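# Architecture at a glance
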Amino acid sequence: MTELVTAEEMRALERAAMDSGRVTGLELMERAGRGVAEAIRAHWPDARRAVVLCGPGNNGGDGFVVARHLSDAGWQVDVLFHGDVRRLPPDALANHDRWAAMGAVEPLTLRAVKRTGAADVLVDAIFGIGLSRRASGELERVLCHLAGYGGDRAFLQPKLVAVDVPSGLDADSGEIPGKGALEWAPPCPFCALTVTFHRAKPGHCRAEGPEHCGKLIVKDIGL
Ligand SMILES: NC(=O)C1=CN([C@@H]2O[C@H](COP(=O)(O)OP(=O)(O)OC[C@H]3O[C@@H](n4cnc5c(N)ncnc54)[C@H](O)[C@@H]3O)[C@@H](O)[C@H]2O)[C@H](O)CC1
Ligand SMILES: [K+]
């Protein structure tokens with residue numbers, strides 16, 4: 001059985017590596033985003049158009065790195081961002097700015113996502129292991145769409161790749177927080193592919209994880 005690490009153990013490993021001076025958070029994010037772009041190009045060898053959906057944290061930061069690497073490989077890339085640039089964590093902000101110097105960043109709205117029907121690949125870089133509460137408002141409408149509510153699952157799933165974890169899935173339990181307390185499940189995309197880092201997390205392998213993750217690829221980021 002391949003060793004699993006929890007979200008907390010992953011944070012501790014990242015923190016220890018950064019504190020030792022062996023690596024910076026920016027280098028870890030670069031390796032993570034590059035690894036996702038490599039996995040995307042291998043999984044969709046004939047694709048040339050991606051839309052990257054970036055959230056307000058470092059998972060979104062990974063998304064900006066993915067966008068840059070796909071664009072550098074000749075892909076047409078659109079980036080949709082949910083959050084306040086001024087409140088992005090430093091590594092994510094640095095990668096937002098690097099992307100913004102080469103491409104547009106549009107607001108992540110349901111209308112914008114629906115306009116991307118022609119994209120070959122949709123990258124879910126909205127939330128990773130930092131999801132702390134149920135998504136609401138426009139973000140919830142976007143996640144409902146990505147989750148296939150309204151019948152789009154068969155159309156969307158073959159295009160969807162999650163960065164680290166499908167947004168909304170708890171990386172440790174494999175549950176979808178809030179599902180038990182509501183008459184209907186909080187939205188979480190069903191992906192064709194999930195690319196995680198260093199080791200798989202328990203949530204990738206149990207409960208709702210496998211169905212939402214699709215094929216799981218683990219990329220080494222040098223921890
Ligand atoms: N540590 C590193 O240098 C690396 C991290 N990697 C990637 O980072 C994410 C974890 O990033 P983090 O910022 O901790 O969390 P998230 O990006 O998942 O989201 C946190 C962000 O979202 C806000 N938030 C939480 N819940 C909600 C909600 N329901 N609605 C709106 N906003 C919400 C929260 O306040 C934060 O602002 C990890 O998964 C990796 O993808 C790199 O891969 C490696 C380097
Ligand atoms: K994600």
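Residues numbered from 1 in each chain as written. Chains lettered and ligands numbered in written order. Predicted model: local features only at pLDDT ≥ 70, side-chain atom pairs only at ≥ 80, totals over all residues. Heavy atoms only, no water.

Under an unreviewed UniProt entry, the protein chain has the name NAD(P)H-hydrate epimerase and belongs to Sagittula stellata. Under the Sequence similarities (unreviewed entry) heading, UniProt states for the protein chain: "Belongs to the NnrE/AIBP family." (UniProt positions renumbered as here; feature names shortened; annotations may be inferred.)

Before going further, it helps to examine the site of ligand 1. The full set close to ligand 1 counts 22 residues, and N59, D62, G128, R133 and D164 are the nearest of them. One nitrogen or oxygen atom from the main chain of G128 is found 2.6 Å from an oxygen atom belonging to ligand 1. One nitrogen or oxygen atom from the side chain of D164 is found 2.6 Å from an oxygen atom belonging to ligand 1. Protein chains bury 82% of the 870 Å² of accessible surface belonging to ligand 1 in isolation. If you map ligand 1 onto the pockets, it falls in the largest pocket. Only helix 2 (25-43) and helix 3 (58-72) provide two or more residues apiece to the shell around ligand 1. (Near = heavy atom within 4 Å. Polar contact = N/O pair within 3.5 Å; in protein donor to acceptor, adjacent residues only side chain to side chain. Areas by Shrake-Rupley, 256 points an atom, 1.4 Å probe, with all protein chains shown as cover. 1 Å grid on protein atoms, 1.4 Å probe; cavity = no way out; pocket = protein on both sides within 12 Å on 5 of 7 lines; lining within 4 Å. Sits in = over half its atoms within 2 Å of the grid points. Helix = DSSP H or I, 4+ residues; strand = E, 2+ residues; numbered from the N terminus.)

Here we come to helix 2. A rise of 1.5 Å per residue sets the reference length of helix 2, with its 19 residues, at 27 Å; its end C-alpha atoms lie 27 Å apart and thus fit the reference within 8%. Looking only at helix 2, the buried set comprises G25, L28, M29, E30, A32, G33, G35, V36, A37, A39 and I40. (Expected span 1.5 Å × (residues − 1). Buried < 20%, exposed > 50% of the residue type's maximum accessible area, 1.4 Å probe, protein only.)

Once that is clear, we can look at the layout of surface pockets. Here the largest pocket defines a volume of roughly 1100 Å³. Lining the largest pocket are 36 residues, and of these G57, N58, N59, P89 and G130 lie nearest its centre. Counting residues per element, the ones that place at least two in the lining of the largest pocket are helix 1 (7-19), helix 2 and helix 3. Top contributing element to the lining of the largest pocket by residue count: helix 1, with five residues. Here the residues of the lining of the largest pocket sort into 15 nonpolar, eleven polar and ten charged. (Points joined across faces, edges and corners; volume = space filled by probe spheres on them. Nonpolar A, V, L, I, M, F, W, Y, C, P; charged D, E, K, R; others polar.)

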